[in-house]
Amino acid sequence: MNTKKKLAPAAAEKGARPSRPEDQRLPIGSMFAYGFQHVLTMYGGIIAPPLIIGAAAGMNSQDIGLLIAACLFVGGLATILQTVGVPFFGSQLPLVQGVSFAGVSTMVAIVHGGGGIQAVFGSVIAASLIGLLITPLFSKIIRFFPPVVTGTVITTIGLTLMPVAANWAMGGNSKAPNYGSVANIGLAAATMGIVLLLSKVGSAAISRLSILLAMVLGTLIAFVFGMADFSRVGQGEIVAFPTPFAFGPPTFELAAIISMLIVILVTLTETSADIIAVGEIVGTKVDSKRIGNGLRADMLSSAVSPLFNSFTQSAFAQNVGLVAITGVKSRFVVSAGGVILVVLGLLPVLGRVVAAVPTPVLGGAGVVLFGTVAASGIRTLSKVDYKNNMNLIVVAASIGFGMIPIAAPAFYDKFPSWFGTIFHSGISSAAVMAILLNLLFNHLRAGNSDNQSVFVAGTERLVRAEDLRCLAEGDRFENGRLIDCDGKEVAVQASGKASEH
């Protein structure tokens, strides 16, 4: 007992370090400064989904501003839950939560299917509750979502959003007289150019904020040329608590719920990967219990978010990268960022400012932003093994199937409405196909062989055995010519030409 009493003051003098790196507490000023950096890093990503979904639902700028404020508010609460944690909920890791792109195209499809924003909210609630129930079993299900599936889905998410960016760049409203004008597309091009130039700047902070800064500069350009209208920013409350079910009570449609459930499975997979990734970056232990707590926080936040007019919640991968870049591992820093998001969500005037950003500016930034999502999926697919298996056809067929409703929006118009709601979304189409083909080729191995089809042969260079038998020891290929072992050029017979001998 005496020994313990002597050690305690010594530990206090040195400043007892937390047993886990993520439990480190910084001065409050530093915490909020680093937390604000996290908010700036993900701000462009968190405001894009409500902008897209609100526009698809035909909302005016004031309603879209309300959606943006709601997404910021709920994202902040979800971030605090994930980082601080309560029993059974929260990974207690530096993970920023918010509305991701994973469900955007599916939600747009639900809106266009006639259900409106109420059906979107209903599908999010139902699918998230199902996700909460299956979380304990997800460790067993996750093996059916290898990189060949998740990479395909993430790539498709980015590709399916490109028409949205193109529509924004043209002006957003196809009935407007200036839709597709040189001025609109020129403004979008200028914004995109600013994104690229800022990305090249040597400052890491400016490069990471290139999307947000480009939107600000693009809006200033638009204002100078009379293409920006902020007259409605002052209309409405400056400070307000999000009104529950401001757009009406949710409606529950089976097809919409099934479609959204696919998104939830993808979200669970992405969040699992982010939890594991940030655990490795921080250098802390991440076990199945911790992953389960993190996933339950995701699903609980997603189920509650429609109450406050928001959508599915998931971890933001770009903020995982920020933890690695800055080396600031404290989860309380991200909690401070969550508090900032909550405050921003209580200021609907900021949402109206963002909603007033000219649509072509969003289009220019969206080309890069959505392209980055697709590039992330391609990066995941680059890690997939394509040798002596059917992974290439899994990717090819799934992405192709996912592009059908994008290339031909009326493709499923003659099908039952429930079918159209599910498959009119490119991400849902690609996810269903990728999951089924992965099961068929990589789990149901009956009938498989080392050389299953021409798609396998097409994944690497092959030389016919009879061609090799024609070569002698020392023959080599230089500058497009075949040289024999004596240094003489060997005549090459043209393909299909008959021999004279």
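Residue numbers restart at each chain and count upward from 1, following the sequence in its written direction. Local features in a predicted model are, by the rule used here, given only for residues with pLDDT of at least 70; side-chain atom pairs are given and counted only at 80 or more, and totals for whole chains, interfaces and linings are based on all residues. Derived side-chain values reflect all non-hydrogen atoms in the structure, with water molecules and hydrogen atoms excluded from consideration.

Here we look at the confidence of the model for the chain
- Known as pLDDT, the predictor's confidence for each residue is given on a scale from 0 to 100. Per-residue confidence for the chain gives a mean pLDDT of 81; residues scoring 70 or more make up 86%.
- Starting at the N terminus, helices and strands are each numbered in turn, a helix being any DSSP run of H or I of at least four residues and a strand any DSSP run of E of at least two. Between the elements of the chain, mean pLDDT differs from a low of 42, seen in helix α1 (residues 2–14), to a high of 92, seen in helix α16 (residues 391–407).
- Note that pLDDT drops below 50 for residues 1–16; the model gives that stretch 1 contact with residues more than four away or on any other chain. Whether two residues are in contact is decided by their heavy atoms, any of which lying within 4.5 Å being enough.

Some words on the side chain of Thr-191
- As for its position among the elements, Thr-191 is in helix α7 (residues 182–200).
- Discounting chain neighbours no more than four positions away, the residues touching Thr-191 are Ala-214, Gly-218, Val-361, Gly-364 and Ala-365.

Re a nonpolar patch on the surface
- A surface patch of nonpolar side chains, about 330 Å² in accessible area, is lined by Ile-28, Phe-32, Val-339 and Val-343.
- Put simply, the parts of the chain that give the nonpolar patch at least two residues each are α2 (28–56) and α13 (331–345).
- In this fold, Val-339 is placed in helix α13.
- Only protein chains enter the calculation, and the probe is 1.4 Å; a residue is then buried if its accessible area is under 20% of its type maximum, exposed if over 50%, and partly exposed in between. Judged by its relative accessible area of 34%, Val-339 is partly exposed. Patches draw on residues past 30% relative accessible area with no salt bridge. Two like charges within 9 Å are joined, as are two nonpolar side chains (Val, Leu, Ile, Met, Phe, Trp, Tyr) within 5 Å. Note on areas: these come from Shrake-Rupley sampling with a 1.4 Å probe, and a residue is covered only by the protein chains present in the view. Each salt bridge in this description consists of a side-chain nitrogen of Lys or Arg and a carboxyl oxygen of Asp or Glu lying within 4 Å of one another.

What to know about the packing of aromatic side chains
- Aromatic rings from Phe, Tyr and Trp, with only the six-membered ring used for Trp, were paired whenever their centres fell within 6.5 Å, and each pair was classed as stacked if the ring planes differed by under 30 degrees, edge-to-face if by over 60, and tilted otherwise. Counting across every chain of the model gives 8 aromatic pairs.
- Relative to Phe-311, the ring of Phe-121 lies with its centre 5.5 Å away and its plane at 20 degrees, an arrangement referred to as stacked. Highlighted residues: Phe-121 in helix α4 (residues 104–134) and Phe-311 in the loop between α11 (288–304) and β2 (313–315), separated in sequence by 190 residues.
- On the accessibility criterion, Phe-121 (1% relative accessible area) is buried.
- Overall, Phe-311 belongs to the buried group, its relative accessible area being 0%.
- Between Phe-411 and Tyr-412, the aromatic rings sit 5.0 Å apart at their centres with planes inclined by 85 degrees, giving edge-to-face as the arrangement.
- Exposure remark for Phe-411: the relative accessible area of 43% places this residue in the partly exposed category.
- Among the aromatic residues, those joined into a ring-pair cluster are Phe-401, Phe-411, Tyr-412, Phe-415 and Phe-423.

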